[in-house]
Amino acid sequence: MFFCLPIFFGCQDTVKPDGNEQVARICPRCNNGSVFAAKKKTWFEFFFIPLIPFNTKHIWMCSICQWAAPLGPGLWEPAIAYAPPQGWNSPPQSFQAGYNPGYPNQQK
Ligand SMILES: [Zn+2]
């Protein structure tokens, strides 16, 4: 008797926020204050079940456009979202924490 059992295996990436208290940072691609530190794990998967994690990376990840960059000591960091840019001494009165520079004309 002959029967054929298909075997599914492969790799899958999972991304989770790294830590609880995080400061939002500016995304260089979409300019939203939505970049957070995250942990990216690559899993070996067998029949769609993640079995063995074999690679963990710390990354910056934008929750809006999915932009990502490696995170580590000495590497470039995205600007913090609520800090005014250098040389900008008089922020407008509407400036506040959580201000979203991607949508300057948005009405509340
Ligand atoms: Zn983005």
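Here is a short report on the structure shown in this document. The structure displayed is predicted, hence computed values, not measured ones.

Tallying secondary structure elements over the protein gives zero helices and four strands in all. Accessible surface for the protein amounts to roughly 8500 Å². Of this, 58% is attributable to carbon and sulfur atoms.

What follows covers the nonpolar core. With eight residues, the main nonpolar core is built from C27, V35, A37, W60, C62, C65, W67 and A69. Residue assignment for this core shows that the elements contributing at least two residues are β2 (35-46) and β3 (49-62).

It is worth spelling out the coordination of the zinc ion at this point. Every protein donor of the zinc ion is accounted for by C27 (SG), C30 (SG), C62 (SG) and C65 (SG), and the metal-donor separations fall at 2.2 to 2.3 Å. Its four donor atoms give the zinc ion angles of 105 to 116° at the centre, a pattern that matches the tetrahedral case. Judged by its relative accessible area of 0%, C27 is buried. C30 gets classed as partly exposed once you look at its relative accessible area, which sits at 22%.

Turning to the sheet that holds strand β4 (residues 68-70), a few remarks are in order. If you trace the four strands from one edge of the open sheet to the other, you get β1-β2-β3-β4, paired in antiparallel fashion. The open sheet terminates on both sides in strands that have one partner only, identified here as β1 (9-17) and β4. Here the strands of the sheet are splayed against their neighbours by 40° on average, with no regard to which way each runs. Sheet topology places β1 next to β2; nine bridges connect them, and they run antiparallel.

Evaluated as defined, the whole model comprises five aromatic pairs. For the ring pair F9 and F44, a centre distance of 6.2 Å and an interplane angle of 40° mean the geometry is tilted. Placement of the pair is F9 in strand β1 and F44 in strand β2, with a sequence separation of 35 residues. Taking relative accessible area as the criterion, F44 reaches 28% and is therefore assigned partly exposed. Taken together, a centroid distance of 6.1 Å and an interplanar angle of 85° make the contact between W67 and W76 edge-to-face. Chaining the aromatic ring pairs together yields one cluster made of F8, F46, F47 and F48.

Considering the arrangement of structural elements, one finds P28 in the loop between β1 and β2. Not counting residues within four places of it along the chain, the set of residues in contact with P28 comprises W67 and W76.

The tally for this structure, following the rule as stated, stands at two salt bridges. A salt bridge links D13 to K40; the nearest nitrogen and oxygen atoms lie 3.7 Å apart. Of the two residues, D13 sits in strand β1 while K40 sits in strand β2, which places them 27 residues apart along the sequence.

Moving on, we get to the side chain of E45. With respect to the helices, strands and loops of the structure, E45 is situated in strand β2. The buried charged residue E45 lacks any salt bridge, with K16 as its nearest oppositely charged partner at 13 Å.

Calculation criteria
Residues numbered from 1 in each chain as written. Predicted model: local features only at pLDDT ≥ 70, side-chain atom pairs only at ≥ 80, totals over all residues. Heavy atoms only, no water. Helix = DSSP H or I, 4+ residues; strand = E, 2+ residues; numbered from the N terminus. Areas by Shrake-Rupley, 256 points an atom, 1.4 Å probe, with all protein chains shown as cover. Core = buried A, V, L, I, M, F, W, Y, C linked by side-chain atoms within 4.5 Å. Buried < 20%, exposed > 50% of the residue type's maximum accessible area, 1.4 Å probe, protein only. Donors = N, O, S within 2.8 Å, 3.2 Å for Na, K, Ca; no water. Tetrahedral: all angles 85-135°; square planar, octahedral: opposite > 155°, others 65-115°. Pairing = 2+ DSSP bridges. Axes fitted to C-alpha atoms, helices over the stretch in contact; angles between N-to-C directions. Phe/Tyr/Trp six-rings, centres within 6.5 Å; stacked < 30°, edge-to-face > 60°. Contact = heavy atoms within 4.5 Å. Salt bridge = Lys/Arg side-chain N within 4 Å of Asp/Glu carboxyl O. Lys, Arg positive; Asp, Glu negative; His and termini not counted.

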